[in-house]
Amino acid sequence: MIDKEFGLNDIVEMKKQHPCGTNRWKIIRMGMDIRIKCEGCEHSIMMPRKDFARKIKKILVKHEQ
């Protein structure tokens, strides 16, 4: 498995889209758990880092630091 390098404020695409129809998520908090916010309806969810790393498909926009 290839480790994907993701960071705070990156826009990512998950393997499954959100029920609102959008598949763009912004990482808004990182730690042991990762909180992501849907770019379509602004709903946010939190999941363990291990689950997030398994469910992420690709990074769409890398945040410039």
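Computed from a prediction, not measured in an experiment: that's the story for all the values here.

Q: Hey, could you run me through the side chain of Asp10 in this one?
A: Tracing the chain through its elements places Asp10 in the segment before strand 1 (11-14). For Asp10, a relative accessible area of 2% gives the class buried. Within polar-contact distance, the side chain of Asp10 engages the backbone nitrogen of His63 at 2.8 Å.

Q: Is there a simple way to explain the environment of Asn9 in this structure?
A: If you trace the backbone, Asn9 turns up in the segment before strand 1. On the basis of relative accessibility, which here comes to 28%, the residue Asn9 falls in the partly exposed class. Residues Asn9 and Ile28, 19 residues apart in the sequence, show an inter-C-alpha distance of 5.7 Å. Excluding residues within four positions of it along the chain, Asn9 makes contact with Lys26, Ile27 and His63.

Q: Got a minute to help me understand unusual backbone geometry in this structure?
A: Phi is mostly negative for residues that are not glycine, and the peptide bonds are mostly trans. Not every positive phi belongs to a glycine, and Asn9 is a case in point at roughly 70 degrees. Notably, Glu42 is not glycine yet its phi reads approximately 70 degrees, a positive angle. Mapped onto the elements of the fold, Glu42 is located in the loop between strand 3 (33-38) and strand 4 (44-48).

Q: Whenever I open this one, the pattern of salt bridges confuses me. Can you help?
A: When their charged atoms lie close together, side chains carrying opposite charge are able to pair. Under the counting rule described, the total for this entry stands at 5 salt bridges. Here Glu13 and Lys57 are joined by a salt bridge, their closest N and O atoms 3.7 Å apart. Taken together, the positions of Glu13 in strand 1 and Lys57 in strand 5 (residues 56-61) put the pair 44 residues apart, joining distant regions of the chain. For Glu13, a relative accessible area of 15% corresponds to the buried category. Classification of Lys57 as partly exposed rests on a relative accessible area of 47%. Across the pair Glu13 and Lys58 runs a salt bridge whose closest N-O atoms are separated by 4.0 Å. Within this pair, whereas Glu13 is found in strand 1, its partner Lys58 is found in strand 5, the two being separated by 45 residues in sequence. Salt bridges sharing common partners tie together Glu13, Lys57 and Lys58.

Parameters and conventions
- Chains are numbered independently. Their residues run from 1 in the order of the written sequence.
- Residue-level local features of this predicted model are given only where pLDDT is at least 70; pairs of side-chain atoms are given and counted only at 80 or more, and the full residue set underlies all totals for whole chains, interfaces and linings.
- To obtain the side-chain values, all non-hydrogen atoms of the structure were used and water was disregarded.
- Starting at the N terminus, helices and strands are each numbered in turn, a helix being any DSSP run of H or I of at least four residues and a strand any DSSP run of E of at least two.
- Remark: exposure states derive from per-residue accessible area (1.4 Å probe, protein chains only) relative to the maximum for the residue type, with buried under 20%, exposed over 50%, and partly exposed in between.
- Any pair of N or O atoms that falls within 3.5 Å is considered a polar contact. Within protein, one atom must be able to donate a hydrogen and the other to accept it, and sequence-neighbouring residues count only if both atoms are side-chain atoms.
- Only heavy atoms matter for contacts: two residues are in contact if any of them lie within 4.5 Å across the pair.
- When a carboxyl oxygen of Asp or Glu lies within 4 Å of a side-chain nitrogen of Lys or Arg, that pair is called a salt bridge.

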